[in-house]
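Fold and contact review
Okay, here's what each chain looks like letter by letter:
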Amino acid sequence: MLKYKYLQGDIMGALKNQMIYDMKYKGYSIKTIKSYTYCVHSFSKHFMKNPLHISKDQIIDFFSYLRSNHKSESTIHIYYESLKYFYKMHNKLNNLPKLSFPRINNKIPIVLSRSDTQILLQKSHSLKYKTILTIIYSAGLRISEATNLQLSDIDFSRKTIFIRNSKNKKDRYTILANETIKLLQQYINIYQPIDYLFYSNDITKKISTDCIQKYFKAHIKYCGFDDSIHVHTLRHC
């Protein structure tokens, strides 16, 4: 164990930092970077050795181990993609055996009717979250796009919303719906945002996606709707 602690603090620390630097340079999100480096770290810890020195047979055994511990196919696939990135970065992609994964059945997502969506929004007694959900619904925003909104992104005169760093790192504009304007102005007058439109307990920091998802999950239950409905569902209604 002491040997592994030395490996973890010395060699693995350097490998992790190198991977973080490489992924940031290539524009990967912070969430993906954390996920990939965690997977490689867990893989290394499992064998208590430098991942560059782990054999193909051991890698196959590792994925068998994940399945025997009832990890989902999506989780196992993330592990595989993480190792694929790691070995490719070190020009050792041949170290990684080619594994096949079963096709994941894509269920047709539940889409709320217009009347159900209106009920969902009207029953929200929190002005803050009602505004967030309304703008996600009316402007077709991703939850991360809503959390990144700044006060200066809202143009009431042109009825537009500026979305920065959207999908594929592109900026875009979307429409600010008439029915959203009054609610949004009410929210701004009461909450007085300075920088981020929707902030956390600290007015200088944006609200987290976890906070919105946690509220939405509880609100869906309160409204009596299917609990498989997610915030993301709103942008497709």
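These remarks concern the structure in this document. Just so it is clear, the structure is predicted and the values come from calculations on it, not from any experiment.

1. Thoughts on the overall build of the protein
When helices and strands are tallied, the protein shows 10 helices and three strands. The helix and strand sequence of the protein, counted from the amino end, reads α-α-α-α-α-α-α-α-β-β-β-α-α. Long-range pairs, those at least 24 residues apart, make up 58% of the contacts in the protein between residues at least 6 apart in sequence. Surface accessibility of the protein: about 15,000 Å² in total, with carbon and sulfur atoms responsible for 52%.

2. Let's talk about the pairing of strand E2 (residues 160-163)
Judged by which residues are buried, E2 turns out to be covered on both faces: Thr160 and Phe162 on one side and Ile161 and Ile163 on the other are all buried. Relative to strand E3 (residues 172-175), E2 runs antiparallel, the two sharing four bridges. Paired with Phe162 across the bridge in E3 is Tyr173.

3. Section: helix H7 (residues 127-139)
What sets the pattern is the α-helix's 3.6 residues per turn: residues three or four places apart point alike. Relative to the 18 Å expected for 13 residues at 1.5 Å per residue, H7 spans 18 Å between its end C-alpha atoms, a close match to the ideal helical length. The buried fraction of H7 amounts to 11 of the 13 residues, a majority that puts the element mostly inside the structure. Every buried residue of H7 is accounted for by Leu127, Lys128, Tyr129, Thr131, Ile132, Leu133, Thr134, Ile135, Ile136, Tyr137 and Ala139. Where H7 is buried, its residues contact helix H6 (114-122), helix H8 (143-147), E2, E3, helix H9 (178-191) and helix H10 (209-223). Trailing H7 by a residue or two, Gly140 shows a phi angle of about 65°, which is positive.

4. A few points about the packing of H7 against H9
It is at 10 Å that the axes of H7 and H9 come closest, and there the two elements cross at 145°. Taken as a pair, H7 and H9 cross one another with a handedness that is left-handed. Contact with H7, carried on its side by Leu127, Lys128, Lys130, Thr131, Thr134, Ile135 and Ser138, involves Thr180, Leu183, Leu184, Gln186, Tyr187, Ile190 and Tyr191 of H9 and no other residues of that element.

5. Section: the layout of surface pockets
Reported here for the largest pocket is a volume of approximately 1,000 Å³. Put simply, the parts of the chain that give the lining of the largest pocket at least two residues each are helix H3 (30-47), H8 and H10. Looking at the lining of the largest pocket element by element, the count peaks at four residues for H10. Residues that form the lining of the largest pocket fall into these classes: eight nonpolar, 13 polar and seven charged.

6. Some words on the packing of aromatic side chains
Think of a pair of aromatic rings as described by two things: how far the centres are apart, and how the planes are tilted against each other in angle. This structure, assessed with the given rule, holds 14 aromatic pairs. In this arrangement the basic side chain of Lys128 is found over the ring face of Tyr199, its NZ or CZ atom lying 5.4 Å from the centre.

7. What about the sheet that holds strand E1 (residues 154-155)?
Sheet strands line up and pair through hydrogen bonds in the backbone, either parallel or antiparallel. Pairing in this open sheet of three strands is antiparallel, and the strands run E1-E2-E3 from one edge to the other. A single partner strand is all that each edge strand has here, and the edge strands are E1 and E3.

8. Here's the deal with the packing of H3 against helix H4 (residues 56-68)
Contact geometry of H3 with H4 gives a least axis separation of 11 Å together with a crossing angle of 105°. One finds that H3 runs roughly perpendicular with respect to H4. Every residue of H4 that contacts H3 at Phe43, His46 and Phe47 is listed here: Gln58, Ile59, Phe62 and Tyr65. Class assignment for the residues of the contact of H3 with H4 results in five nonpolar, two polar and no charged.

9. Points about empty space enclosed by the protein
Counted according to the given criterion, the structure contains one cavity of 30 Å³ or more. Looking at the largest cavity, the residues that line it are Met12, Leu15, Lys16, Met19, Thr37, Val40, His41 and Phe86. Those elements that place two or more of their residues in the lining of the largest cavity are helix H2 (11-25) and H3. Of the residues forming the lining of the largest cavity, the biggest block, four residues, is contributed by H2. Split by residue class, the lining of the largest cavity holds five nonpolar, two polar and one charged.

Thresholds applied
- Residues numbered from 1 in each chain as written.
- Predicted model: local features only at pLDDT ≥ 70, side-chain atom pairs only at ≥ 80, totals over all residues.
- Heavy atoms only, no water.
- Helix = DSSP H or I, 4+ residues; strand = E, 2+ residues; numbered from the N terminus.
- Contact = heavy atoms within 4.5 Å.
- Areas by Shrake-Rupley, 256 points an atom, 1.4 Å probe, with all protein chains shown as cover.
- Buried < 20%, exposed > 50% of the residue type's maximum accessible area, 1.4 Å probe, protein only.
- Pairing = 2+ DSSP bridges.
- Expected span 1.5 Å × (residues − 1).
- Axes fitted to C-alpha atoms, helices over the stretch in contact; angles between N-to-C directions.
- Left-handed = near helix turned anticlockwise from the far one by under 90°.
- 1 Å grid on protein atoms, 1.4 Å probe; cavity = no way out; pocket = protein on both sides within 12 Å on 5 of 7 lines; lining within 4 Å.
- Points joined across faces, edges and corners; volume = space filled by probe spheres on them.
- Nonpolar A, V, L, I, M, F, W, Y, C, P; charged D, E, K, R; others polar.
- Phe/Tyr/Trp six-rings, centres within 6.5 Å; stacked < 30°, edge-to-face > 60°.
- Lys NZ or Arg CZ within 6 Å of the ring centre and 35° of its normal.
- Parallel < 35°, antiparallel > 145°, perpendicular 65-115°, else oblique.

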